[in-house]
Structure formats: structure tokens, C-alpha cells
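Given next are the chains, with one letter for each unit.
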Protein chains: 2
Amino acid sequence: MKVLFIGTGLIGGSFSLAMRKHGLLTAAGGYSRNPKNLDKSIALGIIDQKFDTMEAGIAWADWIILSIPVDAIVKLLPGILDQLKPGQGVIDFGSTKGTICDAVATHPNRSQFLAAHPIAGTEYSGPDAAFDTLFDGKLMILCNENETDAALTSSFRMASEKIGMQLESMEAHAHDRHLAYISHLSHITSFALSNAVLEKEKDGDIILELAGSGFASTVRLAKSSPEMWAPIFMENKDKVLEALDDFLDQAQAFRTMLKENRSDEVLKFLEQGRLIKKVID
Amino acid sequence: MKVLFIGTGLIGGSFSLAMRKHGLLTAAGGYSRNPKNLDKSIALGIIDQKFDTMEAGIAWADWIILSIPVDAIVKLLPGILDQLKPGQGVIDFGSTKGTICDAVATHPNRSQFLAAHPIAGTEYSGPDAAFDTLFDGKLMILCNENETDAALTSSFRMASEKIGMQLESMEAHAHDRHLAYISHLSHITSFALSNAVLEKEKDGDIILELAGSGFASTVRLAKSSPEMWAPIFMENKDKVLEALDDFLDQAQAFRTMLKENRSDEVLKFLEQGRLIKKVID
């Protein structure tokens, strides 16, 4: 299997390393608008060769894996599908799936595209952040699988399982709604918390000293890549706004209880929130 | 040194275990309104003996360490100071310090009280959660030290250093303002996030599957004890409201940018938030 990675950062890079480790790669190629990242990716063993044009890379590959910001995926994907010959497949790893699936819904080569979202990551980014065990035991969500050629789906499922992932199937917009609540919202609260604290506590030493108080964990996601996350929020705007409004309603309700000294309600609010323990422990 | 622990949960229990490990305890006693916790604490080696009345425990001890909800500290502390004989000292481990210090500011035995806040913890609670290395390398903040007898302060400093802690000195209300931003606010956003998600995602399986997406880290603090945290928010109400309002302003600003498709501003918001990386990495 020859795979062209468009995007060799944390996610794409780790997937390449994991495929290689499990003997699933004959060769990995890379294409990027940023050639510096490709040289680094070759040095790190993520890819074996780089292509000067995307077209050359596509012509060479069995699979093309897109692991770039979601707005870039929406833009590139139709043109890539145009160029595919029978037997080739393109898989995207974007964190939103609705606008991407919609963009190619009526494309004549739609069946050569598989929409995937590996639920894994760290707060770091770039080829340097990639490592071959990132996906161990993690979830790979496939969206709108019935629109994809069965051979592509089953070989990608097999590869994902081989690198230790569990598979899950979801409709693209349902995926985006769940992710808005469970992932995108967490990132927004982390970034907003970080901004509020940085504005108040100009003296970073105090933040650092007190960070053991739980702050570091709550704000960890604010270290994520803005270039990756701004497009996620924009592409998933409606569902993110719905989730954010639900969150703001909760925070405002808490504010009112506190301001009005309703300590029983404050306690109940915390007890309800603590039920998350039963779910994720 | 004979120490009476009023509260032998995560914090008090861990401090007793750490003192014992470093040879700082002759004996540890416990008093609680909940005798069940005391029997468990004896079984876990946190204390050697329990007292049926607080008075008996106080008469026996060199130090009394209060590690109970902050509203209970405010209530109990003046009565405890009333009973102290020369040479005895009482130290509280509450997460807010302003109302506690204010409550005893003019007490004739004020100098026998030391206001302390160990910046350590996990999301678990109770004697079972206690362990003897919880405080290794962590910060112990002492508030309004100049109002405390120098002998008590220096022996408590020595004990804290011996168990591996760094010491920091702060004015009580300044402490509460910093903690409102860096700790209390983090807990509120975690609880609010948990409530918003639990209300939407009634199917816990989906939450569990997608929790790898960063959610688990952001919501970790929502597993904290409501009985400990409700009083913290109430006792530190004014400063918590100030911090919460700053946070809500940030979240609302983000909401407006997103709703109005101002993608450059969204990116800038994330880039600013990401500066936290420089502080805590």
C-alpha cells in the first residue's frame, strides 16, 4: 500500500508511523504547501519521499490521506476526487464531517472517498509531535459509510484495527453534533478560561505556582493548534453555537444561584455535574 | 508532636500520612461528626486514635489541623481558639482564606492560629483517597503570617518543608482573588460543562466513546466533592463572581465572533489563549 499523506503533523504523521510499524505501508509520500515540514517528516521517518506537486503524489498513491485543517479539506477534496483512477481512495481525518461530506455528496467519484475521524490527539502539533502509539486503543469514527465503496471501507477498517483502533459508524451531521458537545465545547471553554486568566494575572509566576490547583488540566486544550481549531469551529458553527449556548445557560444559572446566596441550589448544581464520574471513570 | 486532625479526608489524611512518613508525628488523633470516617482512618493508618468530643481532642493535642469545608472552619475556629492553652496551635487547610482570617482577626488568641492552603489535590475525596506523597513538590501558601506567633509559623514551615513542600506567603484576600481565577473558576467551568453535556447526551455511551477528545481532561474537576466546593464558592462569592464574569465576557465575545463569521478574530482569540502554553509548560 502506497499512501500519500497531505498533512504530516500530529495526526497524519502518527498514522503513517503506526501503519509503518504494523507493516501496512510499502511507501509513504508527502505533499504540503510547506516543504520545510516535508523535509522534517522525512528525517523523522514519517514519509519516504516528497512530491513537488499534489498531482504527482496523487498519481503515485493507492490511498491519499488528508490530515489538514477542515476548511482546506473542503476546498481540496472535490479536485482530488476528479483525479482519481479506479482502485484509488481518499480518506480524510477532519474533526468535522458534515460540510466535508456535503461538499462531495453528488461527486461522480463519491464512492472513492471515506470520511473518517480518529478520536485521538495531544495538545501538541506538527511532525515533531507525532508518535506511533497515538492511536492505540482509540476510536476511529467512519461517517456515511454506505456512500463509500465497500472495498475501500473494508481495507481501511482492517488497517485501523491492525493499528489497535476500535471502529464506530455514524451519520456525518450526528457526528458533528456529538463532537460539538463533547469536544469542540471543551476546547472553547479552555481557550476562554485561558484568556480570562491571562488578562487578569499578568504575572505569569502566580499562574504557574497555583496551576497545581486543577487549572493545568482544565486549560490543557488551550495549547491546541489555532490553525486546526479555528476552521473546526467555523465549519461546525451552528452545532457549536447550540452547544455553547447550552453551556452558557448552565454557567449563567450557576452565577445567579451564587449571587443570590442559594447555597442549596449551588450544591445541587455540583452534585448533578459530578454524575459525569459515573460515565467516564 | 501530637496532632488532632479535624477532617481526615484527602487533604487532612494525606498530610497526616506525610507527617508520619517523615517522622514528624508522635501520635495522630481524629475527631469528626462522622465516626465511620474515623474508624476507616484508623484502619488506613491515618490516625492512631479517635476522640468522642472535640474538646477532649483539643486538650490532648499540640496542633489541631482543620481540613473540613470552609464554612465549617469559619464556624468552628473561634470556639477552638477559646480553648487553647499557651504553646498549642491551630492550622486550617481551607481553600479560601479571607472570611476565615476575618472571623478571628480580633480574637485574643489570634496568634495561635495559622492560615494555610496546601495547593494539592485530586478529584477524589475521603480517607480512601489519601496518600503520603500528595504534597511532594507542591506549594503551601501561608496567609497573614505576621498575625501568627513566630514559633508556630516556623515549626509549621519546617514540617511542610520536610514533607517536600515549597512555601509561599500571601495576604488572605489577595490569595482568594488569585484562587478565584486560577482554581475556583476552573472548577465552575468543569461543573457547567459536565451539566451541559449530561443534559444533552443522555446516552452515556457516546460520552464515554468520545471522551478521548479532550473532554475527560476538561471535565476532570467536576468529579470533585460538592460538599467541599459549594462552601468555597459561597465563602469567596464576590471574587468568584468577578472571575466568572470575566470568563463569561470571553465566552460571549467568542460566541459573537463565531456567529458573525469573523474567522480572523476567532483565530486571534485562540492564538491569545494559547499563550498559556508559555506559562505552564
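Right above here is the structure, for reference.
Cut-offs applied
- Residues numbered from 1 in each chain as written.
- Chains lettered and ligands numbered in written order.
- Predicted model: local features only at pLDDT ≥ 70, side-chain atom pairs only at ≥ 80, totals over all residues.
- Heavy atoms only, no water.
- Helix = DSSP H or I, 4+ residues; strand = E, 2+ residues; numbered from the N terminus.
- Buried < 20%, exposed > 50% of the residue type's maximum accessible area, 1.4 Å probe, protein only.
- Contact = heavy atoms within 4.5 Å.
- Areas by Shrake-Rupley, 256 points an atom, 1.4 Å probe, with all protein chains shown as cover.
- Axes fitted to C-alpha atoms, helices over the stretch in contact; angles between N-to-C directions.
- Parallel < 35°, antiparallel > 145°, perpendicular 65-115°, else oblique.
- Left-handed = near helix turned anticlockwise from the far one by under 90°.
- Least-squares fit on C-alpha atoms with pLDDT ≥ 70 in both.
- Pairing = 2+ DSSP bridges.
- Buried area = accessible area lost by both parts, 1.4 Å probe.
- Salt bridge = Lys/Arg side-chain N within 4 Å of Asp/Glu carboxyl O.
- Polar contact = N/O pair within 3.5 Å; in protein donor to acceptor, adjacent residues only side chain to side chain.
- Right-handed = clockwise from strand over helix to strand, strands pointing away.

Participant: Provide a residue-level description of the overall build of chain A, including the pertinent values.
Facilitator: Across its full length, chain A carries 13 helices and eight strands. Overall size of chain A, expressed as C-alpha extent along the three principal axes, is 65 × 40 × 30 Å. Counting the 281 residues in chain A, one finds 58% classified as buried. Sequence separation of 24 or more characterises 73% of the internal contacts of chain A that already satisfy a separation of 6 or more. Total accessible area on chain A stands at roughly 10,700 Å², and carbon and sulfur atoms take up 51% of it.

Participant: Which residues make up the packing of helix 7 (residues 172-200) of chain A against helix 10 (residues 226-235) of chain A, and what values do they have?
Facilitator: Residues and elements named next belong to chain A. Interaxial distance between helix 7 and helix 10 falls to 11 Å at its minimum, and their mutual angle equals 120°. The angle between helix 7 and helix 10 places the two elements in the oblique class. Crossing angle aside, the handedness with which helix 7 passes helix 10 is left-handed. Every residue of helix 10 that contacts helix 7 at Ser-183, His-184, His-187 and Ile-188 is listed here: Trp-229, Ile-232 and Phe-233.

Participant: How would you sum up the relation of the copies chain A and chain B? Please name residues and give values.
Facilitator: Relative to chain B, chain A is turned by 180° and slid 0.0 Å along the rotation axis, the superposed coordinates differing by an RMSD of 0.0 Å. Classification of the inter-copy transformation places it as that of a two-fold axis. No C-alpha of chain A approaches the rotation axis more nearly than that of A:Thr218, which lies at 2.2 Å. Both copies contact each other with a shared surface, as 100% of the interface residues of chain A are interface residues in chain B too.

Participant: Pulling in residues and values, what's your account of the sheet that holds strand 7 (residues 139-143) of chain A?
Facilitator: Residues and elements named next belong to chain A. As summarised here, the arrangement of the eight strands in space is 3-2-1-4-5-6-7-8, forming an open sheet in which the pairing is mixed. A single partner strand is all that each edge strand has here, and the edge strands are strand 3 (49-50) and strand 8 (166-170). Pairing analysis gives five bridges linking strand 1 (residues 2-6) to strand 2 (residues 27-31), with the strands arranged parallel. Of the residues in strand 2, the one forming a bridge with Lys-2 is Ala-27. The sheet contacts of helix 1 (residues 10-21) involve strand 1, strand 2, strand 4 (63-66), strand 6 (113-119) and strand 7, and relative to strand 1 the element is tilted by about 165°. Where helix 4 (residues 70-83) meets the sheet, its contacts fall on strand 1, strand 4, strand 5 (89-92) and strand 6, and the angle it forms with strand 5 comes to roughly 170°.

Participant: Quick one: what's the story with the interface of chain A and chain B, residue by residue and with numbers?
Facilitator: Across the contact, 91 residues belong to chain A and 91 residues belong to chain B. Carbon and sulfur atoms supply 70% of the area that chain A and chain B bury against each other, a total of about 8,300 Å² over both sides. At the boundary of chain A with chain B, the tally comes to four salt bridges. For A:Arg255, the salt bridge identified is with B:Asp245, shortest N-O distance 2.5 Å. Remark: the boundary between chain A and chain B carries 25 residue pairs in polar contact (both at pLDDT 80 or more).

Participant: With reference to specific residues and values, describe the environment of A:Asp249.
Facilitator: Residues and elements named next belong to chain A. Position of Asp-249 relative to the elements: it lies in helix 11 (residues 237-259). Taking the relative accessible area as the measure of exposure, Asp-249 reaches 53% and is therefore exposed. When the C-alpha positions of Asp-249 and Leu-142 are compared, they lie 32 Å apart, and in sequence the two are 107 residues distant.

Participant: Residue-level account of the environment of B:Leu142, with values.
Facilitator: All names here are of chain B. Inspection of the secondary structure assignment puts Leu-142 in strand 7 (residues 139-143). Taking the C-alpha atoms as reference points, Leu-142 and Ser-169, 27 residues apart in sequence, are found 4.9 Å from one another. Not counting chain neighbours up to four residues away, the residues in contact with Leu-142 comprise Leu-114, Ala-115, Ala-116, Thr-153, Phe-156, Arg-157, Leu-167, Glu-168, Ser-169 and Met-170.

Participant: Lay out the pattern of salt bridges in plain terms, naming residues and giving numbers.
Facilitator: Taken as a whole and assessed by the stated rule, the structure comprises 28 salt bridges over all chains. Across the salt bridge formed by A:Glu123 and A:Lys223, the nearest N and O atoms sit 3.5 Å from each other. Note that A:Glu123 is positioned in the loop between strand 6 and strand 7 and A:Lys223 in the loop between helix 9 (215-219) and helix 10, a separation of 100 residues in sequence. Assessed through its relative accessible area of 9%, A:Glu123 is described here as buried. The shortest N-O distance in the salt bridge between A:Glu242 and B:Lys200 comes to 2.8 Å. A residue pair is termed interchain when its members come from two chains, as with A:Glu242 in helix 11 and B:Lys200 in helix 7 (residues 172-200). By relative accessible area, which is 35% here, B:Lys200 ends up partly exposed. Within this structure, A:Glu123, A:Arg220 and A:Lys223 form a network of salt bridges that share partners.

Participant: Outline the pairing of strand 4 (residues 63-66) of chain B, supporting the account with residue identities and numerical values.
Facilitator: Residue and element names in this part refer to chain B. Neither face of strand 4 is left uncovered, since the one carrying Trp-63 and Ile-65 and the one carrying Ile-64 and Leu-66 both have all their residues buried. Where strand 1 (residues 2-6) lies against strand 4, four bridges are found, and the strand directions are parallel. Note on strand 4: the bridge partner recorded for Leu-4 is Ile-64. As paired elements, strand 4 and strand 5 (residues 89-92) share four bridges and run parallel to each other. Its bridge partner being in strand 5, Leu-66 is matched across the sheet by Asp-92. Viewed along the sheet, the connection from strand 4 through helix 4 (residues 70-83) into strand 5 turns out right-handed.

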